[in-house]
Amino acid sequence: MQNLLQKLIGTLKNDERLIIEGRLVKNKVVELALAMDEGLISLLLGNESIKKHFFKEIGRALVFDKVAFQSFVSNKQFLPDSYTAFKNKIGLTADREYLTESKEVVLSWAYKDCVLEGGQTKEDQKRKEIFWNETLAPDEIDRLLAPKALSNFKKYDKNGEHKVGTISLDDNLIIKGNNLLALHSLKNKYTGKVKLIYIDPPYNTGSDSFGYNDSFNHSTWLTFMKNRLEVAKELLRDDGSIWINIDDDESHYLKILCDEVLGRENFVANIVWQKKYTISNDAKYFSDNHDHIIVFAKNKEMFVVNGIDRTQEQNARYKNPDDDINGEWMTQPLHAKSGNDTNFSYKFKNGVVWEPPRGTYPRYSKESLSRFEFESRLWFGKDGKAVPRLKKYLKDMGNVRPATIWLHQEAGNNDEANKEIKQVVEDFNFSTPKPERLLQRIFAIGSTEKDLILDFYSGSGTSGAVAHKMKRKYIMIEQMDYIHELPETRLKKVIDGEQGGISKSVDWQGGGSFTYCELTQHNANIIDKIEKASTTESLKLIWHEIEKTGFISYKINPETINENIHEFEALTIEEKKQLLIAILDKNQLYVNYSEIEDGDYQIPEDDKKLNKQFYGEV
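Right, let's walk through the structure included here. Just so we're clear, the structure is a prediction, and the values are computed from it rather than from any experiment.

Proteins that are soluble and globular tend to have nonpolar side chains buried together. The biggest cluster of nonpolar side chains holds 75 residues, and the ones touching the most others in it are Leu186, Leu254 and Leu454. When residues in this core are grouped by element, the largest group, eight residues, is from helix H9 (residues 214–235). Sequence-distant contacts of leucine 454, defined by excluding residues within four places in its chain, comprise Leu183, Leu186, Val194, Leu196, Ile197, Tyr198, Leu235, Ile475 and Ile477. Tyr198, Trp243, Ile453 and Phe514 belong to the second largest nonpolar core, which has 30 residues in total.

Put into structure tokens, the structure is as follows:
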């Protein structure tokens, strides 16, 4: 067997597609094998030993046994680098197969049947984040997604910060914690109550937190989004909608994913927003000046699109040269492109005879034209003898039906958004905030006052700030610690009456309140320590803390780790971190609400009372 392993490794190294950073990538080998890749199969057939082992002669044909090949490649002895070797030694395998290569995985979308519960960060944070992509058993998933206990409640209004006495559906909420778990914690009370969801998720551009190679990068991101969209759909009202801000890298895949989760028949629009107004001449190919905003309804038949306010430019087209008592007006022709009357003629009282131009038809009946003339709604030009046109009064026009191209003059741009952030926190670098005018337009189209808005990637807090100023209720979810520097600080300033963004256009004077709370962490506290550690010694100390206080995965034998600590020390810092996170029981990241009375978690009595209110038990 060892001889076959060496021959296979030597053969596979001849395919450059299988080598990343100088190493053969096992996942890529399996992916091409299951896809019956012609290049890979030709390579395998070139070695007699490999050919004999993985190909069967049936009739006059050679058939590739891809199941046997996958099993062989998935064996622990194939490419056992120091990390995977130690990982398997301590028990982090599933049925003797690597977790990411078990038979439940479909390599074209490797994790689509998994639940991705890992932390996330915005691409601007430039920070490597580790995701947990384990294939969980149904009972593990049930526990993972069970409602979580909330803690650290505080309320803020114009009089400052207060202790929270009660919590209700009328509260604006800022929740710190993993957004997948927070969304599932909202289900009990908020299912069917959210009018509009706006999210600006990580774009999976390579500079964000999805640091996987090839299709696994893409697969992880799609699964990450799928898990969250499925629960988000449950929270939407039947007449609600979801708006997703995304760029070109994933927009088309995201549209198809939304077709699957939300229903292709519920697709409303793909809006193109001009996020930049300058040309990047240093771009390699094209200057990237736009984002997409993909809009889906929960039930398109029930979804109503609100018109948007008219612009000054649109209103400027209306004049009143004849001092009409009805105010400013513009005109439209009396003919149409289609119709039935091919022999229409009408003589007005001023002697003008009107007939539709050749190839057109009358838009109005003779009775209507007579009424328009009586009401002085016809314009015959300054000399009173020109071709008549019907007056359209500005006062009757109302709002405008929104288009699918939003220029930066109408909906703001990235530069404008960054200036708004600087007004909140001057020295905070957040590279992808969204301007308040963009969210104002979205909320105006898809919601009305007192409707509930949800953003589970709250980032810089624009959605909450705009919803607050537009008199909507809102829930914002963010896992990263900058929730205090940006969303929380920003909302406090909004309540105090800050005049940035859309404040002047909506006559914002301040007021209102929001309630802050957190998912109660357990193992997540240890993960925070792991991520901040920078030395082997500090990580070893964390391991000993895990032994004593953390919940360890049932797959792990702690004694094996201690017996082979020298192998742990030989790993890179990033590998050590990844390993320690893998060791932890992911179902113990946060405290489940059902265990709120467990003394080990030391939940204060006041928090227990608020949790029971939040989950509707009192």
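For the rest of this paragraph, the subject is the packing of aromatic side chains. To describe a pair of aromatic rings, one takes the distance between the centres and the angle between the planes. Evaluation of the coordinates by the stated rule reveals 14 aromatic pairs. Look at tyrosine 156 and phenylalanine 514: their rings are 6.0 Å apart centre to centre, the planes differ by 20 degrees, and that puts the pair in the stacked class. Within this pair, whereas tyrosine 156 is found in strand S5 (residues 150–157), its partner phenylalanine 514 is found in strand S22 (residues 514–519), the two being separated by 358 residues in sequence. Here the aromatic rings of tyrosine 346 and phenylalanine 348 are separated by 4.8 Å at their centres, their planes lie at 70 degrees, and the arrangement is edge-to-face. In this structure, tyrosine 346 and phenylalanine 348 share a single accessibility class: buried. Taken together through their ring pairs, the aromatic side chains of Phe54, Phe55, Phe64 and Phe69 make up a single cluster. One residue, lysine 154, lies across the ring of tyrosine 516, its end atom 4.9 Å from the ring centre. Geometry around phenylalanine 267 places lysine 255 over its ring, the cationic atom sitting 4.6 Å from the centre.

To continue, consider the sheet that holds strand S18 (residues 389–393). What the three strands build is an open sheet, ordered S12-S18-S17; its pairing is antiparallel. One side of each edge strand has no neighbouring strand; the edge strands of this open sheet are strand S12 (329–332) and strand S17 (378–379). Where S12 and S18 come together, four bridges link them in antiparallel fashion. Paired with glutamine 332 across the two strands is leucine 390, which belongs to S18.

With that settled, the discussion passes to the pattern of salt bridges. With the rule as written, the count across this model stands at 35 salt bridges. For the salt bridge of aspartate 259 with lysine 255, the shortest nitrogen-to-oxygen distance reads 2.9 Å. Linking aspartate 259 with lysine 255, this pair stays in helix H10 (residues 248–263), spanning four residues, or about one helical turn. Pair check on accessibility: aspartate 259 and lysine 255 agree, each one buried. The partner of aspartate 291 in a salt bridge is lysine 275, with the nearest N and O atoms 2.9 Å apart. A residue pair is termed long-range when its members are at least 10 positions apart, and aspartate 291 in strand S11 (residues 290–297) and lysine 275 in the loop between strand S10 (267–274) and S11 qualify at 16 residues.

So, how was this worked out
- Residues numbered from 1 in each chain as written.
- Predicted model: local features only at pLDDT ≥ 70, side-chain atom pairs only at ≥ 80, totals over all residues.
- Heavy atoms only, no water.
- Core = buried A, V, L, I, M, F, W, Y, C linked by side-chain atoms within 4.5 Å.
- Buried < 20%, exposed > 50% of the residue type's maximum accessible area, 1.4 Å probe, protein only.
- Helix = DSSP H or I, 4+ residues; strand = E, 2+ residues; numbered from the N terminus.
- Contact = heavy atoms within 4.5 Å.
- Phe/Tyr/Trp six-rings, centres within 6.5 Å; stacked < 30°, edge-to-face > 60°.
- Lys NZ or Arg CZ within 6 Å of the ring centre and 35° of its normal.
- Pairing = 2+ DSSP bridges.
- Salt bridge = Lys/Arg side-chain N within 4 Å of Asp/Glu carboxyl O.

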